[in-house]
Protein chains: 2
Amino acid sequence: MPADHSARRAALRRELVARELDALLVTDLLNIRYLTGFTGSNAALLVTASDTPGNEDRTVVCTDGRYVTQIAAQVPDLRADIDRASAAHLVDVAARAGGRVGFESHMVTVEQWESWRPQLGAHDLVPAPRLVETLRMIKDEYEIGLLREACACADAALADLVARGGLRPGRTEKAVARELENLMFDHGADGISFETIVAAGANSAVPHHRPTGAVLASGDFVKLDFGAQVGGYHSDMTRTYVLGSAAEWQRDVYALVARAQAAGRGALNPGTAVADVDAAARAVIDDAGHGELFLHGLGHGVGLEIHEAPGIGQRGTGTLSVGETVTVEPGVYFAGRGGVRIEDTLVVREHEPELLTRTTKDLTVV
Amino acid sequence: MPADHSARRAALRRELVARELDALLVTDLLNIRYLTGFTGSNAALLVTASDTPGNEDRTVVCTDGRYVTQIAAQVPDLRADIDRASAAHLVDVAARAGGRVGFESHMVTVEQWESWRPQLGAHDLVPAPRLVETLRMIKDEYEIGLLREACACADAALADLVARGGLRPGRTEKAVARELENLMFDHGADGISFETIVAAGANSAVPHHRPTGAVLASGDFVKLDFGAQVGGYHSDMTRTYVLGSAAEWQRDVYALVARAQAAGRGALNPGTAVADVDAAARAVIDDAGHGELFLHGLGHGVGLEIHEAPGIGQRGTGTLSVGETVTVEPGVYFAGRGGVRIEDTLVVREHEPELLTRTTKDLTVV
C-alpha cells in the first residue's frame, strides 16, 4: 500500500480553508516529505487551498538542480520548479497569485521572514504554525506499517543480543550499545532512531544516560532505550534487565514500573485526555510513595520524528484519537543505586491499543 | 590545555560594543557550548557587554532542573539560573537591565520572537545574526587539538580497514560503512561526524551517495567519505581507492583530482579570498576539460558542526585567516561510470597549512 500524499494535501487544504488562508508555504523538510514524498535536503512547497485532488496545478514544489531527477521520480503529481533559493522562489510565486499566505512560523527564522517580507508585503504573510504537524499526529495505515516494521526490527535485534549473551558482566555500556545498533542494521534498519542508551548499575538511575566505558556487573540493572528507523519512521522501546540475580528491591521496583506502564497502556483510548493517560500511570507510582522518583513525562508521539506531538505529560493538552502512535514509558530512578524504565510504542485503536514493540515485559534476569 | 571560555566571551563583547549592543541573547546550543562549555539540551545565555573577564556578574546562563549539577560543574564561572523556559527567562532578565539586546535572528523562529516581544518591546530586540559563528571560524589551539584527535582517529580507522582487507570484492557498501564506523569507535571516537559514504563502481560518480546493498567488484572505484567526532569536534576526509587493478582512465582521473586538490591546499593562505582557493583547484580541472564534472564547491569550515563557515566555493566571500579549519575536496564524476573525490581537513597557518588528515593520497589499489 503506497503513501497517499494527495489525500494528505487535501486534509491540509481543509485546514487552510478553515483559517481563511489561500495557501501555505511549507518549509520544514519533514512536513514536505509527509505531503509529497520528496526526501531531498533542499525544498519548499506551496499548497494552494483552491486546488483539488487530481487538479493540483496551483500547488508547487521547488528544489535545486541536484534533485531534478529525484523530484520527478518522487513527486510525479505536482509541478516542480528548480531554484536554489526554493522558499524565496515560492514566495514570489505566491506573491503573483495574491491572497493570504500562511507560513510555518514555528520553523521559519526571523532572518528568513525579514528577507521574504519585501517580496510579499507583511500583511499577507500570516503565521500558521504546526498545521502539518497536527495532521501528522494521526498516522495512516501506510505509516503504521512502517512503524510496525521499525518496531519489529528493534525487537529482533534485542532478542538476538540477549540470545547471544550480549548482556553479560564485564562488557562496557558502549560495547553493548554498538552491538545492539549493529544488530538493528542486520535486521534491516535504515538507521537508528537516536543514540542508543545503555545504562548499567547506578547509571540506570540517570534517565538519559549516554553509554560510557562503565562495565556491566552481576546484580546490575541494565537499561536499554533504543530504536530503529525504517522508511523514515522511528521505533522507540526501553527494556530493563537484571544481571545474574535480582535482589528483592529490584523485583519490587520492576513490578511497580510494570504496573504503572500497564496502567498507562490501559488508558490509551480515543477521547482520553493525554494528561489523564499520564495520571493513570503516575497514580500507581504515587500510591507506592515514589512519585518524586518518576522524573519525566509518560510518553510522546513518534513517527517521522522520534519525539513529536502529542506530549503525554502532566501539562499535556488535548485528547487521543484513533491512529495516534505514542510511547508509554514510566520510570522510577533511585539516584546512586539504579532505576527501571519500561517503554512501548503503541497505536491508539478503537477498542484497545495495538502494541508495536513486542519484546516481553516480564522481569528478565540474564 | 583547557578551553578558555572567558576569552571567547571577551571576544564576543568586543563585537557587541562595536555594534552598540548592551547584550546578546544566545539561544543556539552550539554557540552556548562554545561560549560556556555547557553541553545540555536546554539552555540560553545572556552575554552582557559591560562585563569584563573575572567580573562577569551580569552575564547569565540558564537551563532547567535536569541540569542543576551539570551546569555547576561545566560553567563554574557564571551565574546559572534554573528555569525551564530558559530563553524567555533571560528576556525578562534583559528587560530589567534595559538597553539594546541583540538576538540570533538566523536561529530564532518568528514564533519565539513574537512570544518575547511583549516582554521587552520590539525596538530593543535587535537582529544580530552569526556573531558567535563568525568567532567560531577561527579555532584556538584547544579546538585544533580536538580536531587533530578526531582526524587521527579517522586515519587510524581507515588504515585498519584497509589492513584487514575490508575493501574487497563481494562486500556491500553498507557492510564497509558499518565496519569503518565501528573502527572509528574502536579508535576512540565519541561519535561519527555524519552518515558514512561508501560508494562503489558507478555509485562513486554520485557525490553524496548513501551506502546500499551494492557489492564491491574488481576494477571499481571505491569512494569513502567519513569522519569521527571527538569532544564535539568533527573530522572530515574522503579517499578513493581502486579495487584489483586500475584502468588507464582511472589513473588519469585520479591524478587530475589529486593535482586539483594539491592546488587547493596550496592556496590555503591567510589573506587569500575563499573564492580564489576554489578557483585554484577548479582551474586544474577546467584546464583538463572536465570543469562541468566538478559538481560542487571546494570545501567548508569544520568544527563544532560538520559544515560551518566559511563556505569555499565560487560564490564564497571573505578571505582566510590563521586558525580557520577547512576542508579541500575537489571531485570529478563521470555519471554511470565512476568518480573520484579527495578530501582533507586542514588548519590555515601563517606559512603553510597544517594537514590534519594524514592518510596517503597516492593512488592506492587494494
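Residues numbered from 1 in each chain as written. Chains lettered and ligands numbered in written order. Predicted model: local features only at pLDDT ≥ 70, side-chain atom pairs only at ≥ 80, totals over all residues. Heavy atoms only, no water.

1. Comments concerning the overall build of chain A
Secondary structure summary: chain A contains 10 helices and 19 strands in total. Expected size for 366 residues packed as a compact globule is a radius of gyration near 21 Å; at 23 Å, chain A falls within 12% of this value. A principal-axis box enclosing the C-alpha atoms of chain A has dimensions of 70 × 40 × 40 Å. When each of the 366 residues of chain A is scored for burial, the buried share is 55%. (Helix = DSSP H or I, 4+ residues; strand = E, 2+ residues; numbered from the N terminus. Rg over C-alpha atoms; globule rule 2.2 N^0.38 Å. Buried < 20%, exposed > 50% of the residue type's maximum accessible area, 1.4 Å probe, protein only.)

2. Thoughts on the state of the cysteines
What makes a disulfide is a covalent bond joining the sulfur atoms belonging to two cysteines. All names here are of chain B. By the definition in use, this model includes zero disulfides over all chains. Sulfur of Cys 151: no disulfide; nearest cysteine sulfur belongs to Cys 153 and is 9.5 Å away. With a relative accessible area of 0%, Cys 151 lands in the buried category. (Disulfide = S-S within 2.5 Å.)

3. Some details on the interface of chain A and chain B
Listed per partner, the contact involves 19 residues of chain A and 19 residues of chain B. Buried area between chain A and chain B, summed over both chains or domains, comes out near 1700 Å², and the portion from carbon and sulfur atoms is 43%. Broken down residue by residue, the surface that chain A buries against chain B is led by Val 110, Glu 111 and Arg 178 of chain A, which jointly contribute 36%. The set of elements that each furnish at least two residues to the side of chain A that touches chain B consists of α5 (110-120) and α8 (173-186) of chain A. At four residues, the largest contribution of residues to the side of chain A that touches chain B is made by α8 of chain A. Looking at the side of chain A that touches chain B, its residues break down into seven nonpolar, four polar and eight charged. (Contact = heavy atoms within 4.5 Å. Buried area = accessible area lost by both parts, 1.4 Å probe. Nonpolar A, V, L, I, M, F, W, Y, C, P; charged D, E, K, R; others polar.)

4. Looking at the sheet that holds strand β10 (residues 228-230) of chain A
Residues and elements named next belong to chain A. Here we have three strands laid out as an open sheet, ordered β7-β10-β11, and antiparallel in their pairing. The sheet terminates laterally at β7 (191-192) and β11 (233-234), the two strands that pair on one side only. Pairing of β7 with β10, which is carried by two bridges, proceeds in the antiparallel orientation. From the neighbouring strand, Ile 192 faces β10, where its bridge partner is Ala 228. (Pairing = 2+ DSSP bridges.)

5. A short note on the side chain of Arg 171 of chain A
By the secondary structure assignment, Arg 171 of chain A is in the loop between α7 (141-163) and α8. When neighbours within four sequence positions are excluded, Arg 171 of chain A is seen to be in contact with Leu 161, Gly 166, Val 176, Glu 179, Ala 214, Val 215 and Leu 216 of chain A.

6. With respect to the domain arrangement of chain A
All names here are of chain A. Assigned domains of chain A: these are domain 1 (5-136) and domain 2 (141-355). A separation of 36 Å is found between the C-alpha centroids of domain 1 and domain 2. In this complex, domain 1 contributes five residues to the contact, which on the side of domain 2 involves eight residues. Across the interface of domain 1 and domain 2, roughly 590 Å² is buried in total on both sides, 48% from carbon and sulfur atoms. Where Arg 136 meets Glu 308, a salt bridge forms, and the shortest distance between an N and an O atom there is 3.0 Å. Of the residues that constitute the side of domain 1 that touches domain 2, the class distribution is two nonpolar, no polar and three charged. (Domains from an automatic or database assignment. Salt bridge = Lys/Arg side-chain N within 4 Å of Asp/Glu carboxyl O.)

7. Observations regarding the sheet that holds strand β12 (residues 237-242) of chain A
All names here are of chain A. Sheet architecture is open: three strands sit in the order β8-β9-β12, paired in antiparallel fashion. Because the sheet does not close on itself, it has two edges, and the strands there are β8 (197-200) and β12. When strand polarity is set aside, the average angle formed by the axes of neighbouring strands in this sheet is 10 degrees. Of the pairings in the sheet, the one linking β8 to strand β9 (residues 221-226) comprises four bridges and is antiparallel in character. Counted as the bridge partner of Ile 197 is Asp 225 from β9. (Axes fitted to C-alpha atoms, helices over the stretch in contact; angles between N-to-C directions.)

8. A closer look at the pattern of salt bridges
In a structure, side chains of opposite charge can pair up when their charged atoms sit close to one another. All names here are of chain A. Scanning the entire structure with this criterion turns up 54 salt bridges over all chains. For Glu 114, the salt bridge goes to Arg 117, with nearest N and O atoms at 3.5 Å. Here Arg 117 and Glu 114 lie together in helix α5, a separation of three residues that amounts to about one turn. Residue Glu 114 is classed as partly exposed on the basis of its relative accessible area, which comes to 35%. Taking the relative accessible area as the measure of exposure, Arg 117 reaches 28% and is therefore partly exposed. Glu 179 is the partner of Arg 171 in a salt bridge, and the nearest nitrogen-oxygen pair spans 2.4 Å. Assigned by exposure class, Arg 171 and Glu 179 land together as buried.

9. Focus: the packing of helix α4 (residues 86-97) of chain B against helix α5 (residues 110-120) of chain B
A pair of packed helices is characterised by two quantities: the angle between their axes and the separation of those axes. All names here are of chain B. At a closest axis distance of 9 Å, the pairing of α4 and α5 adopts a crossing angle of 25 degrees. The orientation of α4 relative to α5 falls into the category roughly parallel. Of the two possible hands of crossing, α4 and α5 adopt the one that is right-handed. Listed contacts from α5 to Ala 87, Ala 88, Val 91, Asp 92, Ala 94 and Ala 95 of α4 are Trp 116, Gln 119 and Leu 120. Residue composition of the contact of α4 with α5, grouped by class: seven nonpolar, one polar and one charged. (Parallel < 35°, antiparallel > 145°, perpendicular 65-115°, else oblique. Left-handed = near helix turned anticlockwise from the far one by under 90°.)

10. Thoughts on the relation of the copies chain A and chain B
After a rotation of 180 degrees and a shift along the axis of 0.1 Å, chain A superposes on chain B with an RMSD of 0.0 Å. In short, the pair behaves as if placed about a two-fold rotation axis. Considering only C-alpha atoms, the part of chain A nearest the rotation axis is Thr 109 of chain A, at 2.0 Å. Of the interface residues in chain A, 100% have counterparts in chain B that sit at the interface too, so the contact is made through matching surfaces. (Least-squares fit on C-alpha atoms with pLDDT ≥ 70 in both.)

11. With respect to the nonpolar core
Leu 46, Leu 90 and Trp 116 of chain A together with Leu 46, Leu 90 and Trp 116 of chain B are the most contacted members of the largest nonpolar core, which totals 38 residues. Trp 116 of chain B has contacts with Leu 25, Thr 27, Ala 87, Ala 88, Val 91, Phe 103, Val 108 and Leu 125 of chain B, leaving out every residue within four places of it along the chain. (Core = buried A, V, L, I, M, F, W, Y, C linked by side-chain atoms within 4.5 Å.)

12. Here we look at the environment of Gly 165 of chain A
Counting through the fold element by element, Gly 165 of chain A comes out in the loop between α7 and α8. Spatially, the C-alpha atom of Gly 165 of chain A lies 15 Å from that of Ser 245 of chain A, the residues being 80 residues apart in sequence.

13. Observations concerning helix α7 (residues 141-163) of chain B
Residue and element names in this part refer to chain B. Over its 23 residues, α7 extends 32 Å from the first C-alpha to the last, a length consistent with the 33 Å expected when each residue adds 1.5 Å. Within the span of α7, buried status applies to Glu 143, Ile 144, Leu 146, Leu 147, Ala 150, Cys 151, Cys 153, Ala 154, Asp 155, Ala 157, Leu 158 and Leu 161. Its side-chain oxygen at 3.2 Å from the backbone nitrogen of Tyr 142, Asp 140 defines the N-terminal cap of α7. Once α7 finishes, Gly 165 follows within two positions and takes phi at roughly 75 degrees, a positive value. (Expected span 1.5 Å × (residues − 1). Polar contact = N/O pair within 3.5 Å; in protein donor to acceptor, adjacent residues only side chain to side chain.)

14. Structural notes on the packing of aromatic side chains
Residue and element names in this part refer to chain A. Scanning the entire structure with this criterion turns up seven aromatic pairs over all chains. Look at Trp 249 and Phe 334: their rings are 6.2 Å apart centre to centre, the planes differ by 90 degrees, and that puts the pair in the edge-to-face class. Pair noted here: Trp 249 is in helix α9 (residues 248-266) and Phe 334 is in strand β16 (residues 331-334), with a separation of 85 residues, a long-range link. Classification of Trp 249 as partly exposed rests on a relative accessible area of 25%. By way of ring pairs, the aromatic residues Phe 221, Trp 249 and Phe 334 are connected into one cluster. One cation-aromatic arrangement involves Arg 337 over Trp 249; the distance from NZ or CZ to the ring centre is 4.1 Å. (Phe/Tyr/Trp six-rings, centres within 6.5 Å; stacked < 30°, edge-to-face > 60°. Lys NZ or Arg CZ within 6 Å of the ring centre and 35° of its normal.)

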